Amino acid sequence: MSQPASNNAPIQSYQELRVWQKAMVIVDLSLMLAERLQRDRHYALSNQIERAAISIPANIAEGYGRLHLGDYLRHLSIANGSLKELETLAFIVRNRRLHGREEIEVILTMTAELGRMLTTLLRRLAQRRLAQLR
């Protein structure tokens, strides 16, 4: 994984985006949780956690690769929706006491952080798009 670019250096790849990097960590944690849920025969919940978690960095990367800022914003919005889905699934696991509370709290803390990061990125890009339209 590439190191983040300094504040002055332009980003050369989606892999340098902090939101993508954090999303990849969340995927790893979520997939470990999903594996444990599968062993306990919670197949549907496990599958939804996998799909939601994987969708987050995938949409960040896909949006970055698009030619139009509007497409990028749309994919970031989809990533944010998948993030909220993953949070909801983590709440379900926590509330049903299907797995360790500490493990779920780590995921929830990270998803909250990523949510703030995505919101900031979405706002900045939306402002840039507005400036382009003027």
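Residues numbered from 1 in each chain as written. Predicted model: local features only at pLDDT ≥ 70, side-chain atom pairs only at ≥ 80, totals over all residues. Heavy atoms only, no water.

A closer look at the side chain of Ser82
Defined as follows: A run of DSSP states H or I qualifies as a helix once it reaches four residues; a run of E qualifies as a strand once it reaches two. Both are numbered from the N-terminal end. We call two residues in contact whenever any of their non-hydrogen atoms come within 4.5 Å of each other.
If you trace the backbone, Ser82 turns up in helix α3 (residues 69-95). Aside from chain neighbours lying at most four places away, what touches Ser82 is Ala52, Ser55 and Ile56.

Thoughts on the nonpolar core
In plain terms, the rule: In this description, a nonpolar core means a group of buried Ala, Val, Leu, Ile, Met, Phe, Trp, Tyr and Cys residues linked to one another through side-chain atoms lying within 4.5 Å. A 1.4 Å probe rolled over the protein chains alone gives each residue an accessible area, and that area as a share of the maximum for its type sets the label: buried under 20%, exposed over 50%, partly exposed in between.
Counting residues in each nonpolar core, the largest one holds 35 residues, and the members touching the most others are Ile49, Ile56, Ile60, Leu76 and Leu114. Within the residue set of this core, elements represented by two or more residues are α1 (18-39), α2 (43-65), α3 and α4 (101-133). Among the elements that line this core, the one with the most residues is α3, at ten residues. Beyond its immediate chain neighbours, meaning those up to four positions away, Leu114 contacts Val19, Lys22, Ala23, Ile26, Ile56 and Leu83.

A word on α3
The line we're drawing: By definition here, a helix of n residues has an expected span of 1.5 Å times n minus one.
Compared with an ideal rise of 1.5 Å per residue, which puts 27 residues at 39 Å, α3 spans 39 Å between its outermost C-alpha atoms and is within 8% of the ideal. Looking at the residues trailing α3, positive phi occurs at Arg97, about 55°.

Considering the pattern of salt bridges
Opposite charge on two side chains allows them to pair when their charged atoms are near. Defined as follows: What counts as a salt bridge is simple: a side-chain nitrogen of Lys or Arg found within 4 Å of a carboxyl oxygen of Asp or Glu.
Taken as a whole, this structure holds five salt bridges when the rule is applied. The shortest N-O distance in the salt bridge between Arg36 and Glu103 comes to 2.4 Å. Here Arg36 is found in helix α1, whereas its partner Glu103 is found in helix α4, with 67 residues between them in sequence. According to the relative accessible area criterion, Arg36 is partly exposed, its value standing at 27%.

Things to note about the environment of Thr88
By the element assignment, Thr88 lies in helix α3. Taking the C-alpha atoms as reference points, Thr88 and Leu33, separated by 55 residues in sequence, lie 14 Å from one another.

Observations concerning the confidence of the model for the chain
For clarity, the threshold we go by: Known as pLDDT, the predictor's per-residue confidence is scaled from 0 to 100.
Confidence in the prediction of the chain, expressed as mean pLDDT, is 91, and 94% of residues score 70 or more. Scored below 50 in pLDDT, residues 1-6 shows 16 contacts in the model against residues more than four places distant or in partner chains.

Points about α2
Helix length check: α2 (23 residues) gives 33 Å between terminal C-alpha atoms against 33 Å at 1.5 Å per residue, within 8%. Packing partners of the buried residues in α2 comprise α1, α3 and α4.

Let's talk about the packing of aromatic side chains
Worth spelling out the cut-off: Any two of the Phe, Tyr and Trp rings considered here, Trp counted by its six-membered ring, make a pair once their centres fall within 6.5 Å; the pair's planes then place it as stacked at under 30 degrees, edge-to-face at over 60, or tilted in between.
In this structure the tally under the stated criterion is two aromatic pairs. Between Tyr14 and Trp20 the ring centres are 5.3 Å apart and the planes differ by 80°, which places this aromatic pair in the edge-to-face class. Exposure remark for Trp20: the relative accessible area of 9% places this residue in the buried category. Relative to Tyr72, the ring of Tyr64 has its centre 6.1 Å away and its plane inclined at 85°; by these criteria the two rings are edge-to-face. For Tyr64, a relative accessible area of 27% puts it in the partly exposed group. Look at Tyr72 and you get buried, because its relative accessible area is 10%.

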